[in-house]
Amino acid sequence: MTDTLELSHWIGGEKVGGDLSGESLNPSDTRDVVARTPKGGAAEVDQAVQAARAAFPGWADASPEVRFDVLDRAGSLLMERAPQIGRLLSREEGKTLPEGIGETMRAARVLKYFAGEALRVHGQNLASTRPGVEIQTYRQPVGVFGLITPWNFPIAIPAWKIAPAIAFGNTVVIKPAGPTPATAEALIAILHEAGLPKGVVNLVIGDGDVGRAIVAHPGVDGISFTGSQGVGAGVAEGAMKRQARVQLEMGGKNPLIVLDDANLERAVNIALDGSFFATGQRCTASSRLIVQDGIHDRFVALLAEKVAALRVGDALDPNTQMGPAVTEAQRDVSYNYIDIAKDGGGRIVTGGERLKFDKPGWYVQPTLIADTLPDARINTEEVFGPVASTIRVASYEEALAVANGVEFGLSAGIVTQSLKYARDFQRNAKAGMTMVNLATAGVDYHVPFGGTKKSSYGPREQGFAAVEFYTQIKTSYSAS
Ligand SMILES: NC(=O)C1=CN([C@@H]2O[C@H](COP(=O)(O)OP(=O)(O)OC[C@H]3O[C@@H](n4cnc5c(N)ncnc54)[C@H](OP(=O)(O)O)[C@@H]3O)[C@@H](O)[C@H]2O)C=CC1
Ligand SMILES: O=C(O)CCC(=O)C(=O)O
């Protein structure tokens, strides 16, 4: 066991305490209280929005070099402390230590990427249709952004929302997810240590009430949300009612197609990575494995062998390959869907049993279910756990139709040696991201991220695409 942290909100550059009535627990061992937390509400959100509004004019006018320096310094500090913060992340969220440290490094690189973007804010000179008239476009900051973030990437997602917001001159009020406030707070503390002016980034810890207050606050000009589809739809409705900008990243039901010509070992490793690492708690996880007849039985047998051999355990144990679910509720969602799959005729090839451990934690047995039908609930609803199902198909054409036949469209993958099918898949998969001979999960930090259909809404996040959401264009005409 390690120390219990006492967290604060960050409002106007100061730590603002509360009654510490909340707590975040270590999902690997629930006797370990990672942090005691204040429970913010509408009043704290209002204070935070006022602080962000007060900081906005100064930050919007700050030289891009000032913004570069803060983000670059924060990125360096985060890299230096990745072993400690990655450990805190793994202790609080339950992903393994390499995953926790890897995610912290990813967040640090995101900060550094957007440090560079601060210096590259784009504008254009355009020809006018009128003689003697010149036209320029400028990218200007929007104002205050409300950022509502999930627990599954508790430092990378806050980083990839905060960094572009502030790089382009906006200010921020962020709400971390209930289960993972300590990791988010560590990032906010580092930004301030790196010289961020007071009020540019404000953190309010609390439950859905904090999210609701951010969405409803008239001082918040735009909202970026990552989380479930149901909550996301409500966030969009609330934002649009008062004409705030909104961007949503939500669920996935990501397909991985395996064609007969695939290298078996490679296909199995890609499926193992995409479906089970990070305990399957990735919106990009491959939860539907769509496998062609000729390779199906060999693929299922080898994947089952590898899934059964995964070492599930305490996230901080170096021997662990898969940590627990983040909360009891998430654990139960996985077991519930396993039952739903069985009731729908699915065959449990490996896993599916309640795991018994020497310590109290929210462990789930990684589970592979075969012989499922494309429109069964296990293949249409997001599980968000270490559960994958296989669907047998006769041809590439059938595989593509099955892959596209759900209401989500985040990431889609194919394993094949055929250039013809790979190219066709890249063109015709209805998803925001396609992966050829790669796992559906695990994306780069410097390129656009997002999906189609019910997976995403609004402009893309990350990389050069982030400028769209976090700036507005001014078109300036002048005559001499
Ligand atoms: N796309 C993705 O990356 C993610 C998808 N999910 C999906 O969501 C499911 C449930 O996870 P869960 O954590 O409950 O996701 P939620 O959508 O409930 O939570 C996401 C964020 O929204 C906040 N929130 C909750 N209710 C509201 C509201 N009414 N208005 C504004 N903000 C709100 C949450 O706060 P709080 O945590 O305090 O409740 C959290 O910060 C998962 O099983 C998975 O399917 C979950 C996480 C990430
Ligand atoms: O797969 C990844 O690298 C990113 C996944 C993600 O952003 C998410 O699950 O929310």
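Residues numbered from 1 in each chain as written. Chains lettered and ligands numbered in written order. Predicted model: local features only at pLDDT ≥ 70, side-chain atom pairs only at ≥ 80, totals over all residues.

**A look at the UniProt feature "active site" (unreviewed entry) in the protein chain**
As annotated in UniProt, the feature "active site" (unreviewed entry) corresponds to E249 in the numbering used here. Here E249 lies in strand β12 (residues 245–249). Non-local contacts of E249, meaning those with residues more than four positions away in its chain, are made with T226, C283, G450, S456 and E461. (UniProt positions renumbered as here; feature names shortened; annotations may be inferred. Helix = DSSP H or I, 4+ residues; strand = E, 2+ residues; numbered from the N terminus. Contact = placed C-beta atoms within 7 Å.)

**Quick notes on the packing of helix α2 (residues 64–80) against helix α6 (residues 181–193)**
The axes of two packed helices give the description: the angle between them and the distance between them. Packing of α2 against α6 brings their axes to within 8 Å, and their N-to-C directions diverge by 130°. Judged by the angle between their axes, α2 and α6 are oblique. In terms of crossing hand, the pair formed by α2 and α6 is right-handed. Facing α2, whose interface residues are A74, L77 and L78, α6 presents I190, L191 and E193. Of the residues belonging to the contact of α2 with α6, the class tally is five nonpolar, no polar and one charged. (Axes fitted to C-alpha atoms, helices over the stretch in contact; angles between N-to-C directions. Parallel < 35°, antiparallel > 145°, perpendicular 65-115°, else oblique. Left-handed = near helix turned anticlockwise from the far one by under 90°. Nonpolar A, V, L, I, M, F, W, Y, C, P; charged D, E, K, R; others polar.)

**Thoughts on the site of ligand 2**
For ligand 2, the full set of nearby residues is N152, F153, T226, R282, C283, T284, A441, G442 and V443. Looking at side-chain class alone, the shell around ligand 2 contains four nonpolar, four polar and one charged residues. When residues are assigned to domains, the shell around ligand 2 turns out to be shared by domain 1 (5–250 + 455–479) and domain 2 (254–436), each giving three or more. (Near = placed C-beta within 6 Å. Domains from an automatic or database assignment.)

**Focus: the packing of helix α4 (residues 97–118) against helix α5 (residues 156–167)**
One can describe the packing of α4 onto α5 by two numbers: an axis separation of 9 Å at closest approach and a directional angle of 10°. Taken together, the axes of α4 and α5 lie roughly parallel to each other. Along its contact with α4, which presents E103, R106, A107, V110, L111, F114, A115, E117 and A118, the element α5 presents A156, A159, W160, A163, P164 and A167. Of the residues contributing to the contact of α4 with α5, the split by class is twelve nonpolar, no polar and three charged.

**Some words on α5**
In this model, α5 (twelve residues) spans 16 Å end to end at C-alpha, consistent with the 16 Å of a helix rising 1.5 Å per residue. Listed as buried for α5 are A156, I157, P158, A159, W160, K161, I162, A163, P164, A165, I166 and A167. Once α5 finishes, G169 follows within two positions and takes phi at roughly 95°, a positive value. (Expected span 1.5 Å × (residues − 1). Buried ≥ 20, exposed ≤ 12 C-beta atoms within 10 Å, placed from the backbone.)

**Focus on the site of ligand 1**
Around ligand 1 sit 26 residues, and of these G178, G208, G211, G227 and S228 come closest. It is helix α7 (residues 208–216) that provides the largest number of residues to the shell around ligand 1, a total of four residues. For the shell around ligand 1, the per-class residue count stands at eleven nonpolar, ten polar and five charged. Taken domain by domain, the makeup of the shell around ligand 1 includes at least three residues from each of domain 1 (5–250 + 455–479) and domain 2 (254–436).

**Here's the deal with the domain arrangement of the protein chain**
By domain assignment, the protein chain separates into domain 1 (5–250 + 455–479) and domain 2 (254–436). A C-alpha centroid distance of 31 Å is found between domain 1 and domain 2. The interface of domain 1 with domain 2 comprises 20 residues on the first partner and 24 residues on the second.

**Brief notes about helix α11 (residues 328–343)**
In a regular helix each residue adds 1.5 Å, so 16 residues correspond to 22 Å; α11 covers 23 Å between its end C-alpha atoms and thus fits that length. Among the residues of α11, Q330, R331, S334, Y337, I338 and A341 are the ones counted as buried. Down the axis of α11, the sector holding all buried residues measures 125°, keeping them to one side. α11 presents A329, N336, D339 and D343 as exposed residues on the side facing more than 90 degrees away from its buried surface. Residues of α11 that are buried make contact with β16 (367–370) and β17 (387–393). Following α11 by one or two positions, G345 has its phi on the positive side, about 100°. (Arc of directions from axis to C-beta.)

**Side note on the sheet that holds strand β7 (residues 133–141)**
If you trace the three strands from one edge of the open sheet to the other, you get β6-β7-β23, paired in antiparallel fashion. At either margin of the open sheet sits one strand with a lone partner, and together these are β6 (124–127) and β23 (471–479). Strand-to-strand, the axes of this sheet are offset by a mean angle of 25°, without reference to chain direction. Sheet topology places β6 next to β7; four bridges connect them, and they run antiparallel. By the bridge assignment, A127 is partnered in β7 with E134. (Pairing = 2+ DSSP bridges.)

**Focus: the sheet that holds strand β1 (residues 5–6)**
Sheet architecture is open: three strands sit in the order β1-β5-β4, paired in mixed fashion. Single-partner strands in this sheet number two, and they are β1 and β4 (22–25). Bridge analysis of β1 against strand β5 (residues 33–37) gives two bridges, and the strand direction is parallel. By the bridge assignment for β5, E6 is matched with R36.

**What about the nonpolar core?**
In terms of nonpolar packing, the biggest core is built from 82 residues, with V110, L111, A159, A163, V172, V173 and I223 touching the most fellow members. Ranked by the residues each element gives to this core, the list is headed by α5, at nine residues. Every residue in contact with A163, bar those within four places of it in the chain, is listed here: L71, V110, L111 and F114. The next biggest cluster of nonpolar side chains, apart from the first, holds 63 residues, and it includes I257, M322, V383 and V387. (Core = buried A, V, L, I, M, F, W, Y, C linked by C-beta atoms within 7 Å.)

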